[in-house]
Amino acid sequence: MNRATYASRNLFRRKGRTILTVIAIAVAMLIFCAIRTVDVNFMASVDDAMADRIATRHKVSITMQLPLRYIQDVRAIPGVTKATWGNWFDAKDPKERVPFFQGLAVDHNSWFDVYDDMVVDPAVLAEWKATPNGVIIGDKLAAIFQVKPGDKLVITSGIYPGDWEFKVIGLYMPSRRTIDRNSVILRWDFLNNDPRAELMKDQIGWILTRIGGNANSAEMSRSIDKVFDERDDQTITMSERAFNLSFLGAFSAMLTAFDLVSIVILLIMMLILANTLAMSVRERTNEYGVLRAIGFPPKSIFGFIVGESLLLALVGGLLGCLLTFVLINMMLGPWLESSPMASMFPYFRTPIRVMAMGLGLSLLLGLIAGLLPARRASRLKVTDALRRAD
Amino acid sequence: MVPIRYNVRSLLVRKVTTLATAGGIAMVVFVFAAAQMLGEGVNRALANSGRADTVIVLRKGSDAELSSTLDGERLNMLRGNPAVASSAPGGGVIGESVLVITAELADGSGGISNVLLRGMPADGMAFRPEARIVSGRAATPGTNEVIVGKSISGRFQGIAPGKTFEVRRNRPLVVVGVFETGGTSFQSEVWGDLDTIRSSVGRQSVVSSARVRLTSASAFESYRAAMESDKRLNLQVMREDEYYKKASEQTSGFLSGMGMVIAILFSIAAMIGAAITMNGAVANRTREIGTLRALGFSRLAILTSFMIEAIFLSLIGGAIGLVFVQLLALVSFPTMNFQTFSEIVITFVATPAIMISSLIFSIVMGLLGGLAPAIRAARVSPVEAMRG
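(A) Inspection of the overall build of chain A at higher detail. Along the backbone of chain A there are 15 helices and 13 strands. Its C-alpha atoms give chain A a radius of gyration of 30 Å, more than 25% over the compact-globule value 21 Å for 390 residues. Taking the principal axes of the C-alpha coordinates as reference, chain A spans close to 95 × 45 × 30 Å. Partitioning the intrachain contacts of chain A with sequence separation of at least 6 by distance along the chain shows that 79% fall at a separation of at least 24.

(B) Region of interest: the overall build of chain B. A count of helical and extended segments in chain B gives 11 helices and 14 strands. In terms of overall size, chain B is more extended than a compact globule, its C-alpha atoms giving a radius of gyration of 29 Å where 388 residues would be expected to give roughly 21 Å. Considering only C-alpha atoms, chain B reaches an extent of 95 × 50 × 30 Å along its principal axes. The buried share of chain B, taken over its 388 residues, is 55%. Split by element, the accessible area of chain B, about 15600 Å² in all, is 60% carbon and sulfur. In chain B, the 37 positive side-chain charges and the 28 negative ones have mean positions that sit 11 Å from each other.

(C) Local environment of the interface of chain A and chain B. Listed by partner, the interface residues are 51 residues for chain A and 50 residues for chain B. Taking both sides of the interface into account, the surface hidden between chain A and chain B amounts to around 4200 Å²; carbon and sulfur atoms contribute 68%. Counting across the chain A and chain B interface gives three salt bridges. Two residues, arginine 169 of chain B and aspartate 229 of chain A, come together in a salt bridge whose shortest N-O distance is 3.8 Å. If you look at where chain A meets chain B, you find 10 residue pairs in polar contact (both at pLDDT 80 or more). Elements represented by at least two residues in the side of chain A that touches chain B include exactly helix 2 (15-42), helix 10 (240-248) and helix 11 (252-283) of chain A. Here the side of chain A that touches chain B takes 17 residues from helix 11 of chain A, the largest share from any one element.

(D) Representation of the packing of aromatic side chains in the model. One pass over the full model with this rule turns up 20 aromatic pairs over all chains. On the numbers, 4.0 Å between centres and 10 degrees between planes, the contact of phenylalanine 32 of chain B with phenylalanine 361 of chain B is stacked. Taken together, the residues phenylalanine 32 of chain B in helix 2 (residues 15-46) and phenylalanine 361 of chain B in helix 10 (residues 352-378) connect sequence positions 329 residues apart. Per residue, the accessibility class of phenylalanine 32 of chain B equals that of phenylalanine 361 of chain B, and both read buried. Put simply, the rings of Phe89, Tyr160, Trp164, Phe166 and Phe190 of chain A touch in pairs and so form one group of aromatic residues. Over the aromatic face of tyrosine 115 of chain A sits the side chain of arginine 53 of chain A, whose NZ or CZ is 4.2 Å from the ring centroid.

(E) View of the pattern of salt bridges. Applying the stated rule across the entire model yields 42 salt bridges over all chains. A salt bridge links arginine 349 of chain A to glutamate 337 of chain A; the nearest nitrogen and oxygen atoms lie 3.0 Å apart. Here glutamate 337 of chain A lies in helix 13 (residues 298-337) and arginine 349 of chain A lies in the loop between helix 13 and helix 14 (352-379), a separation of 12 residues in the sequence. On the accessibility criterion, glutamate 337 of chain A (8% relative accessible area) is buried. Arginine 128 of chain B is the salt-bridge partner of glutamate 96 of chain B, the closest N and O atoms lying 2.9 Å from each other. Here glutamate 96 of chain B is found in strand 3 (residues 93-104), whereas its partner arginine 128 of chain B is found in the loop between helix 4 (124-127) and strand 5 (132-136), with 32 residues between them in sequence. For the pair shown, glutamate 96 of chain B and arginine 128 of chain B are each scored as buried. A network of salt bridges, in which partner residues are shared, links Glu65, Glu96, Arg118, Arg128, Glu189, Arg211 and Glu240 of chain B.

(F) Here's a closer look at empty space enclosed by the protein. Residue and element names in this part refer to chain B. Applying the stated criterion across every chain, the model contains seven cavities of 30 Å³ or more. Space inside the largest cavity adds up to approximately 110 Å³. Surrounding the largest cavity, 16 residues form its lining, Leu116, Ser185, Glu189, Asn337 and Thr340 being those nearest its centre. Listing elements by their share of the lining of the largest cavity, those giving two or more residues are strand 4 (112-120), helix 7 (240-284) and strand 14 (342-347). Of the residues contributing to the lining of the largest cavity, the split by class is six nonpolar, six polar and four charged.

(G) How the structure looks around the environment of asparagine 286 of chain A. Residue and element names in this part refer to chain A. Within the secondary structure layout, asparagine 286 lies in helix 12 (residues 285-293). Given the relative accessible area of 31%, asparagine 286 is considered partly exposed. Each C-alpha atom, one on asparagine 286 and one on alanine 385, is 5.3 Å from the other, the two residues being 99 residues apart in sequence.

(H) Highlighting the packing of helix 11 of chain A against helix 14 of chain A. All names here are of chain A. Relative to each other, helix 11 and helix 14 sit at 30 degrees, their axes nearing to 9 Å. As far as their axial angle goes, helix 14 and helix 11 are roughly parallel. As helix 11 runs across helix 14, the sense of the crossing is right-handed. Facing helix 11, whose interface residues are Leu266, Met269, Met270, Leu273, Ala274, Leu277, Ala278 and Val281, helix 14 presents Leu361, Ser362, Leu365, Gly366, Ile368, Ala369, Gly370, Pro373 and Ala377. A class-by-class count of the residues in the contact of helix 11 with helix 14 yields 14 nonpolar, three polar and no charged.

(I) Structural view of the side chain of aspartate 39 of chain A. By secondary structure assignment, the location of aspartate 39 of chain A is in helix 2. The residues contacting aspartate 39 of chain A, other than those within four sequence positions of it, are Leu255, Phe258 and Asp259 of chain A.

(J) Structural context of the environment of phenylalanine 145 of chain A. All names here are of chain A. Among the structural elements, phenylalanine 145 can be located in helix 7 (residues 139-145). Residue class for phenylalanine 145 comes out buried when judged on its relative accessible area of 4%. Along the chain, phenylalanine 145 and lysine 95 lie 50 residues apart, while their C-alpha atoms are 9.5 Å from each other.

(K) Region of interest: the confidence of the model for chain B. When pLDDT is averaged along chain B, the result is 89, and 100% of the positions lie at 70 or above. Across the whole predicted complex the pTM is 0.81, and at the interface the ipTM reaches 0.79.

(L) A nonpolar patch on the surface, seen in detail. Residues and elements named next belong to chain A. A grouping of Leu319, Leu322, Phe325, Val326, Leu327, Met330 and Met331 is seen on the molecular surface, where their side chains present a nonpolar patch of about 620 Å² in accessible area. Here leucine 327 is to be found in helix 13. Exposure remark for leucine 327: the relative accessible area of 36% places this residue in the partly exposed category.

(M) Fine view of unusual backbone geometry. Despite not being glycine, glutamine 146 of chain A shows a phi value in the positive range, around 55 degrees. One can find glutamine 146 of chain A in the loop between helix 7 and strand 8 (152-157). In this structure, asparagine 234 of chain B takes a positive phi of about 60 degrees despite not being glycine. Of note, asparagine 234 of chain B is situated in the loop between helix 6 (220-229) and strand 12 (235-239).

(N) Seen up close, the nonpolar core. Ranked by size, the top nonpolar core spans 94 residues in total, and within it Met254, Ile265 and Ile268 of chain A together with Phe266, Val325, Ile346 and Met365 of chain B carry the most contacts. Considering every element that reaches this core, the biggest residue donor is helix 11 of chain A, with 15 residues. Those residues in contact with isoleucine 268 of chain A that lie beyond four places of it in its chain are Gly24, Met27, Val28, Phe266 and Ala269 of chain B. If you look at the next biggest cluster of nonpolar residues, it comprises 38 residues, including Tyr70, Ala83, Val98 and Ile211 of chain A.

Definitions and limits used
- Residues numbered from 1 in each chain as written.
- Chains lettered and ligands numbered in written order.
- Predicted model: local features only at pLDDT ≥ 70, side-chain atom pairs only at ≥ 80, totals over all residues.
- Heavy atoms only, no water.
- Helix = DSSP H or I, 4+ residues; strand = E, 2+ residues; numbered from the N terminus.
- Rg over C-alpha atoms; globule rule 2.2 N^0.38 Å.
- Contact = heavy atoms within 4.5 Å.
- Buried < 20%, exposed > 50% of the residue type's maximum accessible area, 1.4 Å probe, protein only.
- Areas by Shrake-Rupley, 256 points an atom, 1.4 Å probe, with all protein chains shown as cover.
- Lys, Arg positive; Asp, Glu negative; His and termini not counted.
- Charge placed at Lys NZ, Arg CZ, Asp CG, Glu CD.
- Buried area = accessible area lost by both parts, 1.4 Å probe.
- Salt bridge = Lys/Arg side-chain N within 4 Å of Asp/Glu carboxyl O.
- Polar contact = N/O pair within 3.5 Å; in protein donor to acceptor, adjacent residues only side chain to side chain.
- Phe/Tyr/Trp six-rings, centres within 6.5 Å; stacked < 30°, edge-to-face > 60°.
- Lys NZ or Arg CZ within 6 Å of the ring centre and 35° of its normal.
- 1 Å grid on protein atoms, 1.4 Å probe; cavity = no way out; pocket = protein on both sides within 12 Å on 5 of 7 lines; lining within 4 Å.
- Points joined across faces, edges and corners; volume = space filled by probe spheres on them.
- Nonpolar A, V, L, I, M, F, W, Y, C, P; charged D, E, K, R; others polar.
- Axes fitted to C-alpha atoms, helices over the stretch in contact; angles between N-to-C directions.
- Parallel < 35°, antiparallel > 145°, perpendicular 65-115°, else oblique.
- Left-handed = near helix turned anticlockwise from the far one by under 90°.
- pLDDT = per-residue confidence, 0-100.
- Patch = residues over 30% accessible without salt bridge, like charges linked within 9 Å, V, L, I, M, F, W, Y side chains within 5 Å.
- Core = buried A, V, L, I, M, F, W, Y, C linked by side-chain atoms within 4.5 Å.

Spelled out as structure tokens, the structure:
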């Protein structure tokens, strides 16, 4: 019997305790992964932002709009390859089938050129360009609303008064998994020509710009803002990432709290593991005395105990990863993605890197948990260890 | 019954194990209590913001002050009803302009957030008797002076006493004082002059919303019926307290719901921890248990004794957790009011109910974790145990 076998055999001496400890570690890993998954996927829209897209909006307030003519000024700036605009529609479902979905009123001529990560069939796009009250809709929302191309769709808005009746032209397809599949894209000019939108005539919510491959987005942002610096409505331009982040800004404290809390569960795990080891070591003090008496050096005793701790952490951690994969990636994730919560989490899976991080941390904490009992056991005098009984 | 001292001493003799297990339970209780304290903080901030004898009037369908607009004609229509307390400040009716402004965090991170700027007529401050100036002075009506709520004072660049910020080019607003409103969400707003603020954004002739003080809370139904019956006016009339309650339900429900789910998941791990410890206790004390049984203690007495020990263990953890959670009173937590997209800063609020429910939660963890080991202890056969 070699040393590794000895360390692992020890685990089977108190089967119940080993099993409980492994379960506790696995559960802790699962919870850690679940919390981090919320975090990672919540920020996915931010992290997946395109580096060559920048957004311009009113400097003072997200609710204030820019004059339509600004789009021409932006397009004239050297380095700008494409520019488009959009307005919030603050869409609501009159039948309340979904609590929240995104409604965007956009320029039909340029939107999908700038947003080429939303893929629209050319025939659908051509028909949409010819249909003022047409909308292009995400496939998941279309399924919830049970509409298909040609159907009419009634939506209300918190900003533009009244019921709005649209005609569904077709679907957009996401080219990335993090793209919201619950949006309705309608034509800005249709709203703008309606008397109900009179107060917001010729005003646009924000401008989205694509810049040439080697242009610097911070520099481009500055040069756009400089153009409007002397006008009544000044702008603030930022990378798409910062733009998306500014809507989530108030959640950042919550996400930080989540991060802290996910560490807490690992600390709980470490305490449980340390306790298991302390109990085992206490029970086996006599044996360690015997091992020392027959010639094993203290560092072997140390190694046995730390090895046992790491082995528990590894087995528990791997089981936790497996649980995460089955419960989150195969069950909870697919369910969430097709639930009304999908606007918040268009894609909810635990990335491998989160599992790897959890496994790494659990091994690290396993090491720490093992150090104290290992030190204590390896430092015992042989005579004391042999004499001691619990 | 086995003396309780037996259990206390058993826990004391195994300090490391007791502390490790109680520590795990303490962390779960901490998270459990913290989530509820946060939810309570949101409730304090939002749900208490409104008064029952005040109504808020919006454009129908807008649901929130931010997206609502009312013109001067409609504002006038709100007066001239016997339910209006016309002796109150502003004749019982004030129209306000609400704007969410982009502000850069003062911490140098470059992060931006949204702050609610409220333009109010001269009587706006008097209309809310709970508001008082805590430093500096009140803003002079008709000028570019503003006051900032205590919760966000200094959080954003330019929005602190003695500083200025711009909503329109070359027309700075000057912060002259700090106000508080007893912890409600108004305390996360900036208040200034109605005309200064609405003209800066080109909305001279309209307000966002109106507040109407009623002669009594019970006059609400008749007033609402009178105002909403005229379909041409297109008004939405709500009690102010209900308006804020609706806002708080979303936010506090979200925060405390998330926190509860997390705490309950955590408790699974802590219960397993308790079970491991109690299992070990039973295993190591089989002989003792045998002796107790031989002395005449019943199976039930043994079961009770180990359950008591488990409860003690979890109560130690619960108490440690509750002591540490009090430190959160020093922390303020910025979150988003979903109704206005603006930031509100809330504090963790501990109530006796939260403390008690947290202790009960820790006892439940002890009970569930200790049950199986206690049953095992009760099953110990005295003869075999003493034979070794």
